[in-house]
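Letter by letter, the chains look like this.
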Amino acid sequence: MAATAGMSWADRAAAQAFDGRALIDGERRAALAGETFDKHSPIDGRLLGPVARGREADVSAAVRAARHAFADGRWAGQAPAARKKVLQRFAEKVLAARDELALLDTLDMGKPIQYALSVDVAATARTLAWYGEAIDKVYDEIAPTAASSLAMITREPMGVVGVIVPWNYPLIMAAWKLGPALATGNSVVLKPSEKSPFSALRLAELALEAGLPPGVLNVVPGFGHEAGEALALHMDVDAIGFTGSTRTGRRMLEYAGRSNLKRVYNELGGKSAFVVFDDVEDIDRAARTLAGSMFFNQGESCNAPSRALVHERVADRLVEIVAAEAPSYAPGDPLDPSTVMGALVDETQLRTVMGYIEAGNSEGARCVAGGRRTRTETGGFYVEPTVFDQVDNGMKIAREEIFGPVLAIVRFKTEAEAIALANNSSYGLQASVWSGHLSRAHRVARALRAGTVHVNQYDEDDITVPFGGYKQSGNGRDKSLHALDKYTELKTTWLRIDPA
Ligand code: NAD
């Protein structure tokens, strides 16, 4: 990108170049069949550029390059300390390119530029650096066997890892897989979402600049049912790290069953419960946290607290505060640094969200804030922050993941009812308990079937802790040292020790 100092984000966006070609074996390449699809921005409908429409032949070329790179040991054969240096440089390159990467995600999927910078790019760099720093500090094991032998338990890279990610946090979702997969020595073929392909392609260029050998990280853009399916069905892919909807996660397991039983790790959807008891110490803070976490990223977060369960004695007060807070998250121009809510990713998502708002109204919930499409004059896809009160847990808006700025508030009377309602969901990604009593907070946190439970807060986050779900929210965990398990095989090697 040309020098940008002093330019507005709108001017930078106008000057930004978009290269939608695949990156295979260290080179940018058009799709083998020469096909492309046009990628438009949800901000205002502008055309960003053509993107290579990868299909089976492109995926096969990428898997071949990845397998070759793995087999000759150009990356897997390097000492962990050497891989660490490359990943650290990779993270530095990401930070040096922060403005461009943030702009690509904002234009591609509509999030506010301020969060693309402060959250997405920052977390991506930290993730890559963290796994780099960790990898030369992880030891293998010796089993406590009899003296006549030595049993070593070592971790080995899986080989070729397919990574398929969604569009809501394009950089972070990719980094959560790339960090542990690359640190442990694997080669990767990454398929970004067709709705947000550009930052992943740029990321792979930065990896090359940082010294990652060609062929170790390949990126094939394209559609899910074409490039994604080809990758998940490929007989020479050893594992799939998938993040996306539960519907597609189910397919991933089928693809593995129909092909080579590759390992499948699914990070899927959620309908996270935000449980507020009548002994909550600070109802204002609970309500403001709920609104902030719900409307962040336009509500397009897998762990959005989209189902608030509130004790009937404090419900009116909470609803009043949340409804009053909601308009402060009104969508604005994502390229304006003061905007806190941007555009939904595309027209399909807009229609889905508006369909859920209609369902909430027709099923008898009470819309107390928002509920309409807005900023139509821009040509983009914006929805007001929306709050429904008087929701029954059986209603569609309480059961299904909406993936938009729509909050459902359900009232309860007793602790047992709150736990039952919270767990009455096919999902189990995250939950939150608000109570001034330590024992109740612990008791309820233990009873909730979710991968992460927050107490008296919602958004605390760090790369050091695992992230993932119970039930149909997935299996395996991203982040933390636990993620290394997904990208390594455990090998036991027995050595006989003869007596003197
Ligand atoms: P999606 O399932 O539609 O797509 C995700 C990825 O899978 C995309 O790259 C897509 O091209 C690909 N894909 C789609 N159909 C495919 C197929 N038949 N075969 C192979 N690949 C296919 O999901 P989305 O709309 O991009 O993302 C939103 C979903 O992601 C939400 O459900 C959200 O909760 C979930 N998500 C989960 C986490 C988590 O960590 N648990 C994080 C972010 C998003």
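This section reports on the structure supplied with the text. (Residues numbered from 1 in each chain as written. Predicted model: local features only at pLDDT ≥ 70, side-chain atom pairs only at ≥ 80, totals over all residues. Heavy atoms only, no water.)

We now examine the overall build of the chain. Looking only at helices and strands, the chain has 15 helices and 23 strands in total. A compact globule built from 500 residues should have a C-alpha radius of gyration of about 23 Å, and the chain, at 23 Å, falls within 12% of that. When the backbone C-alpha atoms are referred to their principal axes, the chain occupies close to 75 × 60 × 45 Å. When the 500 residues of the chain are sorted by exposure, 58% land in the buried category. Partitioning the intrachain contacts of the chain with sequence separation of at least 6 by distance along the chain shows that 75% fall at a separation of at least 24. (Helix = DSSP H or I, 4+ residues; strand = E, 2+ residues; numbered from the N terminus. Rg over C-alpha atoms; globule rule 2.2 N^0.38 Å. Buried < 20%, exposed > 50% of the residue type's maximum accessible area, 1.4 Å probe, protein only. Contact = heavy atoms within 4.5 Å.)

Before going further, it helps to spend a moment on the layout of surface pockets. If a probe as big as a water molecule is rolled over the atoms, it shows which places are left empty. The volume enclosed by the largest pocket comes to roughly 1,000 Å³. In terms of lining, the largest pocket is formed by 41 residues, of which the most central are Trp167, Gly244, Ser245, Arg247 and Thr248. Those elements giving two or more residues to the lining of the largest pocket turn out to be helix 6 (170-183), helix 8 (224-233), strand 10 (239-243), helix 9 (246-258) and helix 12 (347-362). For the lining of the largest pocket, the element with the highest residue contribution is helix 9, accounting for six residues. Considering only residue class, the lining of the largest pocket consists of 16 nonpolar, 14 polar and eleven charged. Its volume calculated, the second largest pocket comes out at about 680 Å³. If you trace the second largest pocket, you find 28 residues lining it, with Val119, Trp176, Asn303, Asp459 and Asp461 closest to the centre. Counting only elements with at least two residues in the lining of the second largest pocket, the list comes to helix 5 (113-135), helix 6 and strand 21 (452-455). (1 Å grid on protein atoms, 1.4 Å probe; cavity = no way out; pocket = protein on both sides within 12 Å on 5 of 7 lines; lining within 4 Å. Points joined across faces, edges and corners; volume = space filled by probe spheres on them. Nonpolar A, V, L, I, M, F, W, Y, C, P; charged D, E, K, R; others polar.)

Time to look at the site of the ligand. Of all residues adjacent to the ligand, which total 29 residues, the nearest are Lys191, Glu194, Ser245, Thr248 and Glu401. Interatomic distance of 2.8 Å between a backbone N/O atom of Val165 and an oxygen atom of the ligand. Separating an oxygen atom of the ligand from a side-chain N or O atom of Glu401 is a distance of 2.5 Å. For the ligand, whose accessible area on its own is 850 Å², the fraction buried by protein is 92%. At a threshold of 2 Å from the grid points, most atoms of the ligand map onto the largest pocket. At the level of secondary structure, the elements contributing two or more residues to the shell around the ligand comprise helix 8, strand 10 and helix 9. Counting residues per element, the shell around the ligand draws most heavily on helix 9, which supplies four residues. Per-class residue counts for the shell around the ligand are 14 nonpolar, nine polar and six charged. (Near = heavy atom within 4 Å. Polar contact = N/O pair within 3.5 Å; in protein donor to acceptor, adjacent residues only side chain to side chain. Areas by Shrake-Rupley, 256 points an atom, 1.4 Å probe, with all protein chains shown as cover. Sits in = over half its atoms within 2 Å of the grid points.)

To continue, consider the environment of Thr36. With respect to the element layout, Thr36 can be found in strand 3 (residues 36-40). For Thr36, a relative accessible area of 48% puts it in the partly exposed group. Along the backbone, Thr36 and Val51 are 15 residues apart, and their C-alpha atoms lie at a distance of 5.1 Å. Apart from residues lying up to four places away in sequence, Thr36 is in contact with Pro50, Val51, Ala52 and Arg53.

Moving on: the nonpolar core. Core analysis: the biggest nonpolar cluster contains 71 residues, and Phe90, Val94, Leu178, Val188 and Leu190 have the highest contact counts within it. Those residues in contact with Leu190, other than ones at most four positions away along the chain, are Val163, Val165, Ala174, Leu178, Ala200, Leu217, Asn218, Val219 and Val220. If you look at the next biggest cluster of nonpolar residues, it comprises 32 residues, including Tyr356, Phe381, Leu421 and Leu448. (Core = buried A, V, L, I, M, F, W, Y, C linked by side-chain atoms within 4.5 Å.)

What follows concerns the sheet that holds strand 20 (residues 430-434). Read across the sheet, seven strands follow the order 14-17-18-13-12-20-21 without closing on themselves; strand pairing throughout is mixed. What marks the edges here is a single partner per strand, and that holds for strand 14 (366-369) and strand 21. Neighbouring strand axes in the sheet, compared pairwise and without regard to direction, differ in orientation by 20° on average. When strand 12 (residues 273-276) meets strand 13 (residues 307-311), the two strands line up parallel, connected through four bridges. Across the sheet, the residue bridging to Ala273 is Arg307, located in strand 13. Of the strands in this sheet, strand 14, strand 17 (386-389) and strand 18 (406-412) are in contact with helix 12, which crosses strand 17 at around 25°. (Pairing = 2+ DSSP bridges. Axes fitted to C-alpha atoms, helices over the stretch in contact; angles between N-to-C directions.)

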